[in-house]
Amino acid sequence: MSRHELAPSSDAIARDGTLSVAIGWDPPLATYFAIVRREDEDVDDEAAILLWIGTGYEEIREPEPALEAIRPFASFDDDFARALRADRLREGSRPRAPWVR
């Protein structure tokens, strides 16, 4: 699994408070994922999650949709999609067993 922690943008911090932003490739689910959560201590776990995509098998097969989802929360350069593709090639994916739905 790859996981990249990105620095939240100043606009996102002003709007949503202290944030953690992560994106990467999950081999067992064969999907890219992205998660944005508030880090405030007084927010419960469910309310802390502002974005969480890539939780289903083969949900996001290319990095661009995940990058677009986190664009309101973090800055990244245009070549970052290339790094995420390299993660996918390096990590591979695991075929899902036919009996798993």
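Notes on the structure in this doc start here. Note that the structure is a prediction, hence the values are computed from the model and not measured.

Brief notes about the overall build of the chain
- Helices and strands together make up the secondary structure of the chain, namely 4 helices and 4 strands.
- For the chain, the N- to C-terminal ordering of α and β elements is β-α-β-β-α-β-α-α.
- Taken along the three principal axes of its C-alpha coordinates, the chain extends 45 × 30 × 15 Å.
- Counting all 101 residues of the chain, 37% fall into the buried class.
- Counted over contacts in the chain with a minimum sequence separation of 6, partners at least 24 positions apart contribute 51%.
- Positive and negative side-chain charges in the chain, numbering 13 and 21 respectively, have mean positions lying 8 Å apart.

With respect to the side chain of D16
- Tracing the backbone through its elements, the reader meets D16 in helix α1 (residues 10-16).
- Not counting residues within four places of it along the chain, the set of residues in contact with D16 comprises R38, D40, L50 and F73.

Structural notes on the environment of P95
- Here P95 shows up in the segment after α4 (80-91).
- Overall, the relative accessible area of 76% leaves P95 in the exposed class.
- P95 sits 66 residues away from L29 along the chain, and the two C-alpha atoms are 8.7 Å apart.

Remarks on the packing of aromatic side chains
- Evaluation of the coordinates by the stated rule reveals 2 aromatic pairs.
- On the numbers, 6.2 Å between centres and 40 degrees between planes, the contact of F76 with F80 is tilted. The pair F76 / F80 is uniform in exposure class, with both members buried.

Structural notes on the pairing of strand β2 (residues 19-26)
- The buried fraction of β2 is high, at 7 of 8 residues.
- Of the pairings in the sheet, the one linking strand β1 (residues 4-6) to β2 comprises 3 bridges and is antiparallel in character. Its bridge partner being in β2, E5 is matched across the sheet by A22.
- Counting the residues that bridge the hairpin from β2 to strand β3 (residues 31-38) gives 4 residues, and of these A30 lies at a positive phi of roughly 50 degrees.

Conventions used here
- Residues numbered from 1 in each chain as written.
- Predicted model: local features only at pLDDT ≥ 70, side-chain atom pairs only at ≥ 80, totals over all residues.
- Heavy atoms only, no water.
- Helix = DSSP H or I, 4+ residues; strand = E, 2+ residues; numbered from the N terminus.
- Buried < 20%, exposed > 50% of the residue type's maximum accessible area, 1.4 Å probe, protein only.
- Contact = heavy atoms within 4.5 Å.
- Lys, Arg positive; Asp, Glu negative; His and termini not counted.
- Charge placed at Lys NZ, Arg CZ, Asp CG, Glu CD.
- Phe/Tyr/Trp six-rings, centres within 6.5 Å; stacked < 30°, edge-to-face > 60°.
- Pairing = 2+ DSSP bridges.

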